[in-house]
Amino acid sequence: MKLIYPAIFRPFSDQSGGYVVEFPDLHGCVTEGKNLEQAIEMGIDAASGWILGELEDGEKIPPASDYSKIIIEDGCMVNMLLLDIDAYEEKYGERLVRKNLTIPAWLNTFAEKNNINFSKLLKDTLFSMAQTK
């Protein structure tokens, strides 16, 4: 699942070239970077972690604000950040859910003879299906 959220970039007050990054739609999600490149990377990481935490807790994620309606202070800027939640979850996700599976015996025999990992097969299939939605 890919999501796009607006981020507000506020320059450090000390003129060092760094930025504080805030997300108007993700309450409490704030990070910073010593330059714009790092601020963007840190923003993507922070927002992806925030979203993943909500999803793992079974919470709904907020919709992204309309870019044109975000009001910022002088000197700040708004940038839309692309979040690849599936890739982030694959790398950092921790929560696993155990599911029971019922299949015909002949299919189980086939899978065992072919060293098929049921968990991996189901995860990969569902992941593929989720990406197409």
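Note that this is a predicted model, so its numbers are computed, not measured.

## Remarks on the nonpolar core
- By size, the foremost hydrophobic cluster in this structure holds 15 residues, and its most contacted members are Y5, F9, F23, L26 and I51.
- For this core, the element with the highest residue contribution is strand β1 (residues 2-11), accounting for 4 residues.
- Look past the residues within four positions of F9 in its chain and what remains in contact with it is Y19, V20, V21, L36, A39, I40, C76, M77, N79 and L81.

## Digging into the environment of E56
- With respect to the helices and strands, the residue E56 is situated in helix α1 (residues 36-56).
- By relative accessible area, which is 22% here, E56 ends up partly exposed.
- Taking the C-alpha atoms as reference points, E56 and G93, 37 residues apart in sequence, are found 8.4 Å from one another.

## Thoughts on the pattern of salt bridges
- Considering all chains together, one arrives at 3 salt bridges under this definition.
- For the salt bridge of E22 with R10, the shortest nitrogen-to-oxygen distance reads 2.1 Å. Of this pair, E22 sits in strand β2 (residues 19-22) while R10 sits in strand β1, placing them 12 residues apart in sequence.
- By relative accessible area, which is 28% here, E22 ends up partly exposed.
- Here R10 falls in the partly exposed class, since its relative accessible area comes to 26%.
- Across the salt bridge formed by R10 and E73, the nearest N and O atoms sit 3.6 Å from each other. With R10 in strand β1 and E73 in the loop between α1 and β4 (77-84), this pair connects stretches of sequence that are 63 residues apart.
- Bridged by salt links that share partners, the residues R10, E22 and E73 form one connected network.

Here is what the cut-offs are and how they apply
Residues numbered from 1 in each chain as written. Predicted model: local features only at pLDDT ≥ 70, side-chain atom pairs only at ≥ 80, totals over all residues. Heavy atoms only, no water. Core = buried A, V, L, I, M, F, W, Y, C linked by side-chain atoms within 4.5 Å. Buried < 20%, exposed > 50% of the residue type's maximum accessible area, 1.4 Å probe, protein only. Helix = DSSP H or I, 4+ residues; strand = E, 2+ residues; numbered from the N terminus. Contact = heavy atoms within 4.5 Å. Salt bridge = Lys/Arg side-chain N within 4 Å of Asp/Glu carboxyl O.

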